[in-house]
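# Tertiary structure, described
Residues per chain, in single letters:
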Amino acid sequence: MIVLIFYIGLFAGAFFIVYALRRGLQSRQDFTSLKTVTFGDESAVRADRAASIISVVVIFLIWGAFTGSKLMPIHVPGPFVGETQFTYTLEHPDGSTDDATVFVRVPSFGEEVEDFNVDAGSGFAKDDAFAAPAGRSSTILFDKNDETSRKDGAKIIAINGTPIGQGDKVDSGDGSITLTDKGAISFTPKQGLQMNPIWLPAPETVVARFFEIANEGYQNFSLWQHLGWSLLRVIAGFVAGALVGIPLGYAMGLSGWFRGWFDPIVEFMRPVPPLALIPLVIIWFGIWETGKIVLLFLAALWIMTIAARAGVSGVNISKIHAAYSLGASKWQIMRHVIVPNSLPEIFTGARVAMGVCWGTVVAAELVAAQKGAGMMIIAASKFQLTDIVIMGIVMIGIIGYGIDILMRKAENWLVPWKGRS
């Protein structure tokens, strides 16, 4: 919740700052800026490059601020690190009481500190010392050190002079002390707002891990082999799905018989997530490459079929009538009217299908693979190597974004008439 509020604040602040800076600059004089009606007109809305750059910077700023990154000038409050102490009051079974002090040493994230000893002092409640991990709770079994135990009927009745019962919590300043249901002490250092590196490592840690794996590899394969195999699987499955799906979509858009025959199948399979097919594909085709490509083929097939069908159905009928009136044959109408006008829908479907395939191949590699981006992530997660997991996610996102950009460029080059009558 804190991160979300922080993000919204940065978003709003950046918007007003950029808006204020641009008010004094000369307005843009091009076709879009001169439009009198822009609200609701997609062609008049362009991605603001400044907003894109600031968006990426904000993400890294938040990431660094909440992980204690050395690259960032500001950080949110971190967890308590250092030495602290608190006093508990122990009640003897005979009704007498005695105080004992517990000395706590909290190391930084990733550091290991051995337990240390202090003078136990006099009385039946003995002073004690222990090391507690930052941001995590530790249980103190006081009766292992004291001369009386919970089995004898002894119990803690106060922390730092504040009465406490089972399940109650007392704030010690540097942390909180809770009395468990069994009467033991649970100490939790102040959490702060920074993330434990096990949950989210700092950006420089992820970058360092990237260069390490790029040079040395991971799980017997180089980083580029992992990413390359995932990309090859996606391309093979997508191309196969497009080669079958586009002709099928055209047939469904042009023939009532084809549409009636295949429509129940397409509409039945379309809402089925590709991940739900993984067990069946493994049973039929095994865990090797054939099974993965078949799964990606099925992920792309229905999307490309629906895109091609929608493209054919969306052709303006007046264009077809005009072509007929000029003496065009069915083949000429197909080649010069239907195909060009359906290509924008097909390219939109191709972008969606490629994104689905890219996400599906990662999930398929989580189940059974010796190499691939998904395999690298799941193998790292088993050993709590969060930096490798984050690195894999970032690489997957970058490659997926790069694929989408290439497909947009291809669409602009191959279908320059998109959006024009």
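Note that the structure is predicted; figures quoted are calculated from it, not measured. (Residues numbered from 1 in each chain as written. Predicted model: local features only at pLDDT ≥ 70, side-chain atom pairs only at ≥ 80, totals over all residues. Heavy atoms only, no water.)

### Quick look at the overall build of the protein chain
Quick note on the threshold: Strands here mean DSSP runs of E at least two residues long; helices mean DSSP runs of H or I at least four residues long; both are numbered from the N terminus. To get the radius of gyration, use the C-alpha atoms; to get the globule rule, take the number of residues to the power 0.38 and multiply by 2.2 Å. We call two residues contacting when some pair of their heavy atoms lies within 4.5 Å. Throughout, the Shrake-Rupley method with a 1.4 Å probe supplies accessible areas, and for residues the shown protein chains are the sole cover considered. The convention is simple: Lys and Arg are positive, Asp and Glu are negative, and His and the chain ends are not counted. To locate a charge, take NZ of a lysine, CZ of an arginine, CG of an aspartate or CD of a glutamate.
Assigned secondary structure in the protein chain consists of 11 helices and 9 strands. Here the protein chain has a C-alpha radius of gyration of 32 Å; the compact-globule value for 421 residues is 22 Å, and the former is much larger. With the principal axes as the frame, the protein chain shows a C-alpha extent of 110 × 65 × 45 Å. Considering only contacts within the protein chain whose residues lie at least 6 apart along the sequence, 66% involve residues at least 24 apart. As displayed, the protein chain has an accessible area near 24,500 Å², and 62% of this comes from carbon and sulfur atoms. The averaged location of the 35 negative side-chain charges in the protein chain is 20 Å from the averaged location of its 33 positive side-chain charges.

### A closer look at the pattern of salt bridges
Inclusion rule: In the sections that follow, a salt bridge refers to a side-chain nitrogen of Lys or Arg positioned within 4 Å of a carboxyl oxygen of Asp or Glu. For every residue, the accessible area obtained with a 1.4 Å probe (protein chains only) is divided by the maximum for its type, and the residue is called buried under 20%, exposed over 50%, and partly exposed between those limits.
Using the criterion set out here, one finds 10 salt bridges in the structure. Between Arg309 and Glu267 there is a salt bridge whose closest N-O contact spans 3.2 Å. Here Glu267 lies in helix H5 (residues 256–269) and Arg309 lies in helix H7 (residues 289–313), a separation of 42 residues in the sequence. According to the relative accessible area criterion, Glu267 is partly exposed, its value standing at 26%. The partner of Asp404 in a salt bridge is Arg351, with the nearest N and O atoms 3.0 Å apart. Of this pair, Asp404 sits in helix H11 (residues 386–414) while Arg351 sits in helix H9 (residues 330–367), and the two are 53 residues apart along the sequence.

### Looking at the packing of helix H4 (residues 223–254) against helix H10 (residues 373–382)
In plain terms, the rule: Every axis in this analysis is a line fitted to C-alpha atoms, fitted for helices over the stretch in contact. Angles between the N-to-C directions lie between 0 and 180 degrees. For classification purposes, angles smaller than 35 degrees are called roughly parallel, those larger than 145 roughly antiparallel, those between 65 and 115 roughly perpendicular, and all remaining angles oblique. Only Asp, Glu, Lys and Arg are considered charged, only Ala, Val, Leu, Ile, Met, Phe, Trp, Tyr, Cys and Pro nonpolar, and every remaining residue, Gly among them, polar.
The contact between H4 and H10 brings their axes to 7 Å, and the two run at 125 degrees. Between H4 and H10, the angle is such that the two are oblique. Mapping the contact onto sequence places Leu223, His226, Leu227 and Ser230 in H4 and Ala373, Met375 and Met376 in H10. Here the contact of H4 with H10 is built from residues that sort into 5 nonpolar, 2 polar and no charged.

### Brief notes about the sheet that holds strand S8 (residues 175–179)
As a reminder, the rule being used: Two strands form a pair only when DSSP identifies at least two bridges running between them.
Reading across from one edge, S4-S9-S8-S7 is the order of the 4 strands in this open sheet, with antiparallel pairing throughout. Across the chains shown, the open sheet's two edge strands, defined by having one partner strand only, are strand S4 (138–140) and strand S7 (169–171). On average, each strand axis in the sheet is tilted by 25 degrees relative to the strand beside it, whichever way the strands run. With 3 bridges joining them, S7 and S8 adopt antiparallel strand pairing. By the bridge assignment for S8, Asp171 is matched with Ser176.

### Topic: the pairing of strand S2 (residues 97–106)
Strand direction decides the pairing type here: strand S1 (residues 82–91) and S2, joined by 10 bridges, are antiparallel. Bridging across to S2, Thr89 finds its partner in Asp99. Sheet topology note: the S2/strand S3 (residues 128–131) ladder contains 4 bridges and is parallel. If you follow Arg105 over to S3, its bridge partner there is Ala131.

### A word on the packing of aromatic side chains
Here is the rule: Here a pair means two rings of Phe, Tyr or Trp (six-membered ring of Trp) with centres within 6.5 Å. Their orientation is stacked below 30 degrees between planes, edge-to-face above 60, and tilted elsewhere.
Evaluated as defined, the whole model comprises 8 aromatic pairs. Through pairs of rings, three or more aromatic residues link up here, namely Phe86, Phe130 and Phe187.

### A word on the nonpolar core
Put simply, the test is: As used in this record, nonpolar core signifies buried Ala, Val, Leu, Ile, Met, Phe, Trp, Tyr and Cys residues forming a set joined through side-chain atoms within 4.5 Å.
Formed by 47 residues in total, the largest nonpolar core has its most connected members in Tyr218, Phe238, Met304, Ile333, Cys357 and Met391. The dominant element in this core, judged by the number of residues it contributes, is H9, at 12 residues. Setting aside anything within four residues of it in sequence, one finds Met391 in contact with Val206, Arg209, Phe210, Ile213, Leu223 and Met376. Listed in part, the 24 residues of the second largest apolar core include Phe80, Phe86, Val104 and Phe124.

### A look at H10
Taking burial as the measure, the 10 residues of H10 include 7 buried ones, the bulk of the element. Taken together, the buried positions of H10 are Ala373, Gly374, Met375, Met376, Ile377, Ala379 and Ala380. Of the residues trailing H10, Gln384 is marked for its positive phi of about 55 degrees.

### Structural notes on the side chain of Thr67
Along the chain, Thr67 turns up in the loop between helix H2 (49–65) and S1. If near-sequence neighbours (up to four positions away) are discounted, Thr67 is found in contact with Gln194, Met195, Leu200, Pro201, Ala202 and Pro203.

Scope: geometric values only; no functional claims are made or implied.
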